[in-house]
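# Structure at a glance
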Amino acid sequence: MYLDYVERAQTLFDQLIETANDDELFASGYLRGHFDLQVGYAQVEELNLSPSELNERVEKSLVKAYRDGELNDQDRDYVADIWDKIKALSE
């Protein structure tokens, strides 16, 4: 069930607040926004997504944001690093 994954991800996001540098904090907050938005959509639509389905939705959201030029290359790298850590929690 994806809710266990969501809880683990939220815990990691919360932990980053205490340990991350400014760039990582920005990237974490940015990624958390995309992640939380997709979780919210799933709840409103009453979907019981698997962790991989949730990840796919988040990645589609991130790709659109990247294409829209929302982040520079360095920020994208920070987001990608944190995203890899979050996705690892789903395995």
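As the structure is a prediction and not an experimental result, all values here were calculated from the model.

Parameters and conventions
- Along each chain, residues carry numbers from 1 onward, in the same order as the chain's sequence is written.
- The model is predicted, so local features are restricted to residues of pLDDT at least 70 and side-chain atom pairs to those at 80 or more, both for listing and for counting; the totals for chains, interfaces and linings are taken over all residues.
- Calculation of side-chain values draws on the structure's entire complement of heavy atoms; hydrogens and water are dropped beforehand.
- Salt bridges are defined as contacts in which a side-chain nitrogen from Lys or Arg sits within 4 Å of a carboxyl oxygen from Asp or Glu.
- Put simply, DSSP H or I for four residues or longer makes a helix, DSSP E for two residues or longer makes a strand, and each gets a number counted from the N terminus.
- We call a residue buried when its accessible area falls under 20% of the maximum for its residue type, exposed when it is over 50%, and partly exposed in between, using a 1.4 Å probe and counting protein chains only.
- The criterion is simple. A nonpolar core is a set of buried Ala, Val, Leu, Ile, Met, Phe, Trp, Tyr and Cys residues joined through side-chain atoms within 4.5 Å.
- Any two residues whose heavy atoms approach within 4.5 Å at even a single point are treated as in contact.
- The axes used here are C-alpha line fits, helices contributing only the stretch in contact, and every angle between their N-to-C directions lies in the interval 0 to 180 degrees.
- A clockwise turn of the near helix away from the far one marks a right-handed crossing, whereas an anticlockwise turn of less than a right angle marks a left-handed crossing.
- By the convention adopted, Pro, Cys, Tyr, Trp, Phe, Met, Ile, Leu, Val and Ala count as nonpolar, Lys, Arg, Asp and Glu as charged, and the other residues, Gly among them, as polar.

### Details of the pattern of salt bridges
- Taken as a whole, this structure holds eight salt bridges when the rule is applied.
- Here Glu56 and Lys60 are joined by a salt bridge, their closest N and O atoms 3.5 Å apart. Pair noted here: Glu56 and Lys60 are both in helix H3 (residues 51-67), with a separation of four residues, about one helical turn.
- Judged by its relative accessible area of 55%, Lys60 is exposed.
- With a closest N to O distance of 2.1 Å, Arg76 and Asp73 form a salt bridge. On the criterion of helical spacing, the pair formed by Arg76 and Asp73 is a turn pair, its members being three residues apart in helix H4 (residues 73-88).
- By relative accessible area, which is 26% here, Arg76 ends up partly exposed.
- Classification of Asp73 by relative accessible area gives exposed; the value is 51%.

### Remarks on the nonpolar core
- Judged by nonpolar contacts, the single largest core of 24 residues is most densely connected at Leu31, Phe35, Leu54, Trp83 and Ile86.
- Element by element, the count of residues in this core is highest for helix H1 (residues 2-19), at seven residues.
- With sequence-adjacent residues up to four places away left out, Phe35 is seen in contact with Tyr5, Val6, Ala9, Gln10, Phe13, Leu54, Val58, Trp83 and Ile86.

### Considerations on the environment of Glu91
- Secondary-structure assignment places Glu91 in the segment after H4.
- A sequence separation of 31 residues divides Glu91 from Lys60, and the C-alpha atoms of the two residues are 19 Å apart.

### Some thoughts on the packing of H1 against H4
- Contact geometry for H1 and H4: axes closest at 9 Å, N-to-C directions at 140 degrees. The crossing of H1 and H4 is right-handed. Along the contact surface, H1 presents Tyr5, Ala9, Leu12, Phe13 and Leu16, while H4 presents Ile82, Trp83, Lys85, Ile86 and Lys87.
- By residue class, the composition of the contact of H1 with H4 is eight nonpolar, no polar and two charged.

### Here we look at the environment of Leu71
- Its location among the elements puts Leu71 in the loop between H3 and H4.
- Assessed through its relative accessible area of 7%, Leu71 is described here as buried.
- Linking Leu71 and Val44, residues 27 residues apart in sequence, is a C-alpha distance of 28 Å.
- Leave out the neighbours within four places in its chain, and Leu71 touches Phe26, Tyr30, Tyr66, Arg76 and Val79.

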